[in-house]
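A structural walkthrough
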Amino acid sequence: VQLVESGGGLVQPGGSLRLSCAASGFTFSQFFMSWYRQAPGKERELVARIDSAGSSTNYAESVKGRFTISRDNGKNTVYLQMNSLKAEDTAVYYCDAALGRYHYWGQGTQVTVSS
């Protein structure tokens, strides 16, 4: 099983980034997919979640209206489009796959929002 995140980097406040998470080794289309983030000194928090079909999404209040989660089951990939980025969005972003007792994590990608 592998979840490989990409797309992180340094961006100025107000800018945008698109994170990708490529999955392999399991039946991607059956799993709920989520993005979490963890800032230095803080606990990991849920950012966004999408159901297996891509028909239902949930967001943390702090990112509603700015971030969009989506998935392509044909490419085994989940995305996080991040717009209007703020300094407080700085964190390591992790991809997560969940189905019942099965739970997989990626290695994370750093997002830094700074001028």
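Quick note: structure is the one above.
Residues numbered from 1 in each chain as written. Predicted model: local features only at pLDDT ≥ 70, side-chain atom pairs only at ≥ 80, totals over all residues. Heavy atoms only, no water.

1. Observations concerning the state of the cysteines
- For the structure on display, the rule yields 1 disulfide.
- Here C21 engages in a disulfide with C95; their sulfurs sit 2.1 Å apart. On the sign convention where negative means left-handed, the S-S torsion of about -80 degrees between C21 and C95 marks this disulfide as left-handed. Placement of C21 in strand β3 (residues 17-24) and of C95 in strand β9 (residues 91-99) is noted, with a sequence separation of 74 residues between them. Of the two residues, C21 and C95, neither departs from the other in class, the shared state being buried. (Disulfide = S-S within 2.5 Å. Helix = DSSP H or I, 4+ residues; strand = E, 2+ residues; numbered from the N terminus. Buried < 20%, exposed > 50% of the residue type's maximum accessible area, 1.4 Å probe, protein only.)

2. A word on the sheet that holds strand β7 (residues 67-72)
- Read across the sheet, 4 strands follow the order β1-β3-β8-β7 without closing on themselves; strand pairing throughout is antiparallel. Each edge of the sheet is formed by a strand with only one pairing partner; in this case those strands are β1 (2-6) and β7. Direction aside, the axes of adjacent strands within the sheet are offset by 15 degrees on average.
- Relative to strand β8 (residues 77-82), β7 runs antiparallel, the two being bridged by 6 bridges. (Pairing = 2+ DSSP bridges. Axes fitted to C-alpha atoms, helices over the stretch in contact; angles between N-to-C directions.)

3. Things to note about the pairing of β8
- By the criterion of burial, β8 is predominantly enclosed, with 5 of the 6 residues buried.
- Taking the residues that link successive antiparallel strands as the turn, the β7-β8 hairpin has 4 residues, and the phi of N76 there is positive, at about 55 degrees.

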